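Below are the chains, spelled out letter by letter.
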Amino acid sequence: MSATSVASDHRLRFAGRGWLLPILAVVLCIAFLLGVGIGAVAVPPDVVVAILLSKIGVSVETAVSQQQMAVLWNIRLPRVVLGGLVGAALAVSGALLQGIFRNPLADPGLIGVSSGAALGAVFTIISGLAVFGIYTLPIAAFLAGAATTLLVYRLSRRHGRTDVATLLLVGLALNALAGATTGLLTYLADDAQLRSIVFWTLGGLGGALWETVLSAAPPILIVLVLAPRLGFYLNLFALGEMEARHLGVNVEWIKWAAVLMAALATGAAVALTGPIGFIGLIVPHMVRLTIGPDHRQLIPACAFGGATLLILADLLARTLAAPAEIPVGLFTSFAGGPFFLALILRTRRHYGFS
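All figures in this text were calculated on a predicted structure; none of them were measured in a lab.

What counts and how
Residues numbered from 1 in each chain as written. Predicted model: local features only at pLDDT ≥ 70, side-chain atom pairs only at ≥ 80, totals over all residues. Heavy atoms only, no water. Helix = DSSP H or I, 4+ residues; strand = E, 2+ residues; numbered from the N terminus. Rg over C-alpha atoms; globule rule 2.2 N^0.38 Å. Buried < 20%, exposed > 50% of the residue type's maximum accessible area, 1.4 Å probe, protein only. Contact = heavy atoms within 4.5 Å. Axes fitted to C-alpha atoms, helices over the stretch in contact; angles between N-to-C directions. Left-handed = near helix turned anticlockwise from the far one by under 90°. Nonpolar A, V, L, I, M, F, W, Y, C, P; charged D, E, K, R; others polar. Expected span 1.5 Å × (residues − 1). Bend = angle between axes of the 7 residues up to and from the residue. Salt bridge = Lys/Arg side-chain N within 4 Å of Asp/Glu carboxyl O. Disulfide = S-S within 2.5 Å. Core = buried A, V, L, I, M, F, W, Y, C linked by side-chain atoms within 4.5 Å. Phe/Tyr/Trp six-rings, centres within 6.5 Å; stacked < 30°, edge-to-face > 60°. Patch = residues over 30% accessible without salt bridge, like charges linked within 9 Å, V, L, I, M, F, W, Y side chains within 5 Å. Areas by Shrake-Rupley, 256 points an atom, 1.4 Å probe, with all protein chains shown as cover.

## Structural notes on the overall build of the chain
Next, step 1: Per the secondary structure count, the chain includes 15 helices and two strands.
Next, step 2: The C-alpha atoms of the chain give 21 Å as radius of gyration, which agrees with the globular expectation for 354 residues (20 Å, within 12%).
Next, step 3: If one aligns the C-alpha atoms of the chain with their principal axes, the spans along those axes are about 65 × 55 × 40 Å.
Next, step 4: In the chain, which comprises 354 residues, the share counted as buried stands at 46%.
Next, step 5: Long-range pairs, those at least 24 residues apart, make up 77% of the contacts in the chain between residues at least 6 apart in sequence.

## Quick notes on the packing of helix α5 (residues 113-127) against helix α12 (residues 251-273)
Next, step 1: Running from N to C, α5 and α12 cross one another at 35°; their axes reach a closest spacing of 9 Å. Note that α5 runs across α12; the crossing there is right-handed. Here Val-113, Ser-114 and Ala-117 of α5 come into contact with α12, specifically with Ala-263, Thr-266, Gly-267 and Val-270.
Next, step 2: Here the residues of the contact of α5 with α12 sort into four nonpolar, three polar and no charged.

## Describing unusual backbone geometry
Working note: non-glycine residues mostly have negative phi, and peptide bonds are mostly trans.
Next, step 1: For Arg-102, which is not glycine, the phi torsion reads 55° and is therefore positive.
Next, step 2: Note that Arg-102 resides in the loop between α4 (66-101) and α5.
Next, step 3: Phi is positive for Phe-278, which is not a glycine, with a value near 75°.

## Regarding α4
Next, step 1: Its 36 residues give α4 an end-to-end C-alpha distance of 51 Å, which sits within 8% of 52 Å, the value for a rise of 1.5 Å per residue.
Next, step 2: A maximum bend of about 40° is found in α4 at Arg-76, where proline Pro-78 lies one to four positions downstream.
Next, step 3: For α4, the buried fraction is high: 28 of the 36 residues fall into the buried class.
Next, step 4: Downstream of α4 by a residue or two, Arg-102 has a phi angle that is positive, lying close to 55°.

## Some thoughts on the pattern of salt bridges
Next, step 1: One pass over the full model with this rule turns up seven salt bridges.
Next, step 2: Ionic contacts of the salt-bridge type, sharing partners, join the residues Arg-79, Asp-314, Arg-318 and Glu-325 into one network.

## Some points on the environment of Gly-37
Next, step 1: Positionally, Gly-37 belongs in helix α2 (residues 20-37).
Next, step 2: The buried category is assigned to Gly-37, whose relative accessible area is 7%.
Next, step 3: C-alpha of Gly-37 to C-alpha of Leu-194: the two residues are 157 residues apart in sequence and 34 Å apart in space.
Next, step 4: Once residues lying within four places of it in the same chain are set aside, the contact partners of Gly-37 are Ala-42, Val-43 and Arg-76.

## So, the environment of Leu-188
Next, step 1: Inspection of the secondary structure puts Leu-188 in helix α7 (residues 164-188).
Next, step 2: Remark: the alpha-carbon pair of Leu-188 and Pro-327, spanning 139 residues in sequence, is separated by 24 Å.

## Overview of the state of the cysteines
Next, step 1: One pass over the structure, following the stated rule, counts zero disulfides.
Next, step 2: Distance from the sulfur of Cys-29, which forms no disulfide, to the nearest cysteine sulfur (Cys-302) is 18 Å.
Next, step 3: Among the residues examined, Cys-302 registers a relative accessible area of 0% and is labelled buried.

## Some remarks on the environment of Phe-237
Next, step 1: By the element assignment, Phe-237 lies in helix α10 (residues 231-237).
Next, step 2: It is 25 Å that separates the C-alpha atoms of Phe-237 and Ala-146, two residues lying 91 residues apart in sequence.
Next, step 3: In this view, Phe-237 contacts Gly-99, Ile-100, Arg-102, Ala-244, Val-249, Val-251, Ile-254 and Lys-255; residues no more than four positions away in its chain are not counted.

## Some details on the nonpolar core
Nonpolar side chains in soluble globular proteins tend to be buried together.
Next, step 1: Ranked by size, the top nonpolar core spans 66 residues in total, and within it Leu-96, Leu-230 and Val-287 carry the most contacts.
Next, step 2: A total of 13 residues in this core trace back to one element, the largest contributor, which is α4.
Next, step 3: Val-47, Val-48, Ile-51 and Leu-77 belong to the second-largest nonpolar core, a separate cluster that totals 10 residues.

## Digging into helix α6 (residues 136-155)
Next, step 1: Between the first and last C-alpha of α6 there are 28 Å, a value that for 20 residues agrees with the 28 Å anticipated at 1.5 Å per step.
Next, step 2: Within the sequence span of α6, burial applies to Thr-136, Pro-138, Ala-141, Gly-145, Thr-148, Thr-149, Val-152 and Tyr-153.
Next, step 3: Buried residues belonging to α6 abut α5, β1 (157-158), β2 (161-162), α7, α8 (191-202) and α12.

## Topic: the packing of aromatic side chains
Next, step 1: With the rule as written, the count across this model stands at two aromatic pairs.
Next, step 2: Between Trp-73 and Trp-210, the ring centres sit 5.2 Å apart and the planes meet at 40°, which makes this aromatic pair tilted. On the criterion of sequence distance, the pair formed by Trp-73 in helix α4 and Trp-210 in helix α9 (residues 210-226) is long-range, its members being 137 residues apart.
Next, step 3: Residue classification places Trp-73 among the partly exposed residues on the basis of a relative accessible area of 26%.
Next, step 4: For Trp-210, a relative accessible area of 25% translates into the label partly exposed.
Next, step 5: Pairing Phe-232 with Tyr-233 gives two aromatic rings, centres 5.3 Å apart and planes at 75°, and the pair type is edge-to-face.

## Description of a nonpolar patch on the surface
Next, step 1: Residues Phe-123, Leu-129, Val-131, Phe-132, Ile-134, Tyr-135, Ile-139 and Leu-143 make up a contiguous nonpolar surface patch of roughly 800 Å² in combined accessible area.
Next, step 2: Looking at the secondary structure, you find Val-131 in the loop between α5 and α6.

Rendered as structure tokens:
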């Protein structure tokens, strides 16, 4: 079977499911309007549109108060946009890694980027470093996460090849080591540092500013644009590495590209928001159940689905206990834990274990 015939088969099988992307785009727009409009200061959809149009010089007759303008532009909009970017980054990273590992239980944390970023952030808080001002913590978290991922990838290579099972085991080992080191640093922290560590490690979008959005956007958008180009090759990966190699796929290059993209997107996301769990696990699996395993459709759909899910989760996290705010990382963990357990049990039954 040639690569062309495999591609044609996927096209025929999933051609009727292209409806999902437009629907997800509409749902994302609705989630966006809800996210920026609901809160202590209500901003109706027509006012949201009027404010956005006024920022590009289009005059609209809708009455807009200065309070609504300030709340929307300075607080809600950066938070919702950052939530959309982070949700899309985590979901696409999960889809890439599940394609590489050929396992629906894979998520971005397996390659060490989340635990490495947490270690970098906690070390920065404990040491009091402020080389780059307010950007010191996210930069340190991103660099530590990227370094951990590169170490995982380097240790899993042998004779010029990367074994997926070894990559998984090395990732688990370094995750444990980074977690233990983070725990030790947390133990050594004073009360003020401990509060900062707990606030960061719970994960949240509360500190979103336009500056943080602009710093996260370039790496995440690059991955969102390039990741669908791997879709065809990830489809061939489903046949097995040996079969994909026989069909002319440069297997090592695809592994390296997928891991690099996942590390780049997840590192940029985690560095600014802290670890937000289960988005990279839940979204790819739900989308796969809906449209099938064609990664050319799965990856873009995951971007829309991840952005929508995190925006809505953050909306619930900041409104359910208002005026208090639940960290969105806790919220997604509460929702994702039962889902993950159900997925494990379903996978066990699929392979014939009672």
